[in-house]
Amino acid sequence: MYSKKRSSTQNYDEIETDNNAAPLSDTPFCSTTSINTKQIPFTVPPHGTPQVSRRSSRSLGEEHPAGYGSEPSSPALKRPSVEIPGAYELGAIDPSLYKIVDEDEDYDMSDDHIGRLWFTVEYERETEKLLVTLIKAKNLPSRTMSSSNGCDPFVRIYLMPDERRYLQSKLRKKTCNPKFEESYIFQVSHKSFDDRILKFTMFDVDRHRRHNVIGHALFPLKEYDCENNERMVIWRDLEKEVSESTSDKGEIFIALSYNSHLERLTTAIFEARDLKKTDGNTNVGMDSYVKVCLLIQNKIVKSKKTAIVKRTIDPNFSESFTFKLSSSSLDTASISVSTMQHFTGAKDKMIGRVVLGSFMFARGRELEHWNEMLSSQRDQISYWHSLT
């Protein structure tokens with residue numbers, strides 16, 4: 001249907017390759033141009049900072065100073081954010097900064113020596129972060145007498161009085177002189193800094209994978225000047241038993257006994273010593289008494305108190321109280337013992353207290369006292385406790 005019109009006068013002449021040749025056609029369909037085969041100049045852009053891959057950036061970092069022509073390091077290698085609340089292990093730290101010179105390789109050891117632990121403490125007041133670096137331990141006891149490396153130790157670090165949470169080091173196998181070089185961060189407010197205690201517990205893992213306690217070491221934070229933000233290198237000898245008192249408010253002597261047949265809990269308050277006054281008056285003598293409360297799931301069920309003992313910081317109370325407590329409620333029960341300073345014509349103030357109970361409410365010596373009472377029923381179990 002369609003016809004293609006073609007001009008009979010449309011002729012194209014072959015173009016010669018000579019640069020000086022003139023156009024050979026004057027037809028209106030072809031413009032008069034000359035073909036120039038001269039090469040177009042091409043300029044390479046100036047060399048800039050290349051975009052390199054992670055692998056090449058590592059090789060550049062070996063030849064150039066850090067931060068010059070290199071890509072930022074991988075996020076996995078960065079130091080954990082100090083804004084994370086609580087306590088956590090600190091990674092990406094240079095262990096050489098926390099090594100100490102072994103100037104005490106041949107220190108004197110007593111007959112009951114069970115090892116020595118080295119660590120550092122550093123506090124950042126601006127962020128309220130406590131940096132603890134576990135360095136090493138020496139002369140730990142070996143499980144076999146003829147071997148000098150029969151020990152697989154690790155350390156747990158607590159920030160007392162909270163013994164529910166801890167940070168744990170890596171296991172070091174077959175050594176009585178382990179080197180840890182591990183760092184941890186605790187969140188500690190400046191207000192409560194002097195009342196906290198670092199507790200280190202050394203364990204040995206035997207061939208049956210049982211965790212056997214070697215010993216403990218304590219470091220009260222009040223011995224560290226938190227205003228200077230300086231790193232302090234410390235060593236402590238391990239001890240079988242340590243006193244974990246977090247205050248100097250005094251001590252109280254308490255006895256517990258439980259009769260499962262009668263479902264009766266008896267609490268005896270014998271005496272207290274070195275009580276500290278709440279009003280700051282350093283004069284000897286004050287009026288005090290003890291308040292004993294039975295709690296079920298943190299709710300006060302029954303409350304009793306002793307008579308007031310006057311004009312002494314070492315009062316002798318010698319009173320006992322009985323509470324009705326079923327065997328099914330032992331796991332949810334606790335006893336709160338509060339030492340009170342009495343004021344005539346004014347409100348009484350609490351000097352300190354002790355909470356005795358199950359694992360839900362007590363830790364350390366207080367929990368040990370409660371458990372021993374349950375395992376030795378009808379016997380009176382007596383302990384000295386520090387007031388907090």
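Residues numbered from 1 in each chain as written. Predicted model: local features only at pLDDT ≥ 70, side-chain atom pairs only at ≥ 80, totals over all residues. Heavy atoms only, no water.

### Describing the overall build of the protein chain
Secondary structure summary: the protein chain contains two helices and 17 strands in total. Restricting the contact set of the protein chain to residue pairs at least 6 apart, pairs at least 24 apart contribute 62%. Of the roughly 25,000 Å² of accessible surface on the protein chain, 48% is carried by carbon and sulfur atoms. (Helix = DSSP H or I, 4+ residues; strand = E, 2+ residues; numbered from the N terminus. Contact = heavy atoms within 4.5 Å. Areas by Shrake-Rupley, 256 points an atom, 1.4 Å probe, with all protein chains shown as cover.)

### Focus on unusual backbone geometry
Glycine aside, residues mostly have negative phi, and peptide bonds are mostly found in the trans state. Although it is not a glycine, Asp 274 sits at a positive phi angle of roughly 55 degrees. Within the element layout of this structure, Asp 274 appears in the loop between β11 (264-273) and β12 (288-296).

### A word on the nonpolar core
Formed by 32 residues in total, the largest nonpolar core has its most connected members in Leu 130, Phe 186, Leu 198, Phe 200 and Met 202. Among the elements of the structure, β2 (116-124), β3 (129-138), β4 (153-160), β6 (179-187), β7 (197-205) and β8 (211-220) are those that each provide at least two residues to this core. Aside from chain neighbours lying at most four places away, what touches Leu 198 is Val 121, Leu 130, Val 132, Ile 157, Tyr 158, Leu 159, Phe 186, Ala 217, Leu 218, Phe 219 and Leu 221. If you look at the next biggest cluster of nonpolar residues, it comprises 27 residues, including Ile 254, Leu 275, Phe 323 and Leu 325. (Core = buried A, V, L, I, M, F, W, Y, C linked by side-chain atoms within 4.5 Å. Buried < 20%, exposed > 50% of the residue type's maximum accessible area, 1.4 Å probe, protein only.)

### Concerning the pattern of salt bridges
Throughout the structure, instances matching the rule amount to eight salt bridges. As a salt-bridge pair, Arg 125 and Glu 227 come within 2.2 Å of each other at their nearest N and O atoms. Of this pair, Arg 125 sits in the loop between β2 and β3 while Glu 227 sits in the loop between β8 and β9 (232-237), placing them 102 residues apart in sequence. A salt bridge links Glu 223 to Arg 236; the shortest N-O distance between them is 3.0 Å. Highlighted residues: Glu 223 in the loop between β8 and β9 and Arg 236 in strand β9, separated in sequence by 13 residues. For Glu 223, a relative accessible area of 45% corresponds to the partly exposed category. Bridged by salt links that share partners, the residues Arg 143, Asp 152 and Asp 204 form one connected network. (Salt bridge = Lys/Arg side-chain N within 4 Å of Asp/Glu carboxyl O.)

### Regarding the sheet that holds strand β14 (residues 316-324)
With respect to topology, four strands assemble into an open sheet ordered β14-β11-β10-β17, the strand pairing being antiparallel. Strands at the two margins of the open sheet, each flanked by one partner only, are β14 and β17 (381-386). For this sheet, the mean angle separating the axes of adjacent strands, direction not counted, is 20 degrees. Strand direction decides the pairing type here: strand β10 (residues 251-259) and β17, joined by six bridges, are antiparallel. Looking at the pairing, Phe 253 lines up with Trp 384 of β17. Sitting on the sheet, helix α2 (residues 364-375) is in contact with β10, β11 and β17, with an inclination near 170 degrees to β17. (Pairing = 2+ DSSP bridges. Axes fitted to C-alpha atoms, helices over the stretch in contact; angles between N-to-C directions.)

### Describing the environment of Lys 174
With respect to the helices and strands, the residue Lys 174 is situated in the loop between β5 (162-168) and β6. With 24 residues separating them along the chain, Lys 174 and Gly 150 place their C-alpha atoms 5.5 Å apart.

### What to know about the pairing of β8
With seven of its ten residues buried, β8 lies for the most part within the structure. Sheet analysis places β7 next to β8, joined by nine bridges and oriented antiparallel. Within β8, the position partnered with Phe 200 by the bridge is Ala 217. Where β7 folds back on β8, the antiparallel hairpin that results is connected by five residues, among which Arg 209 adopts a positive phi of roughly 65 degrees.

### Here we look at the sheet that holds strand β13 (residues 299-305)
The strand order across the open sheet formed by four strands is β13-β12-β15-β16, and the pairing between neighbours is antiparallel. What marks the edges here is a single partner per strand, and that holds for β13 and β16 (349-357). Going from strand to strand, the sheet's axes swing by 20 degrees on average, the running direction of each strand aside. Note that β12 and β13 share six bridges and pair antiparallel. Looking at β13, one finds that Leu 295 is bridged to Ile 300. Each of β15 (333-341) and β16 touches α2; the most contacted strand, β16, lies at about 50 degrees to it.

### A short note on the confidence of the model for the protein chain
Of all residues in the protein chain, 69% have pLDDT values of 70 or greater, and the mean over the chain is 76. Every residue in residues 24-34 is under pLDDT 50, and counting partners more than four places away or in other chains gives eight contacts. Predicted confidence for residues 49-85 stays below pLDDT 50, and this span has 30 contacts to residues more than four positions away or in other chains. (pLDDT = per-residue confidence, 0-100.)

### Here's the deal with the packing of aromatic side chains
In total, this model carries eight aromatic pairs according to the counting rule given. Between Phe 119 and Phe 219 the ring centres are 6.0 Å apart and the planes differ by 70 degrees, which places this aromatic pair in the edge-to-face class. Taken together, the positions of Phe 119 in strand β2 and Phe 219 in strand β8 put the pair 100 residues apart, joining distant regions of the chain. Comparing Phe 119 with Phe 219, the two get one shared label, buried. Seen from their ring centres, Phe 253 and Trp 384 are 5.0 Å apart, and the 25 degrees between their planes marks the pair as stacked. On the criterion of sequence distance, the pair formed by Phe 253 in strand β10 and Trp 384 in strand β17 is long-range, its members being 131 residues apart. Aromatic rings pair up to connect Phe 119, Phe 200 and Phe 219 into one cluster. (Phe/Tyr/Trp six-rings, centres within 6.5 Å; stacked < 30°, edge-to-face > 60°.)

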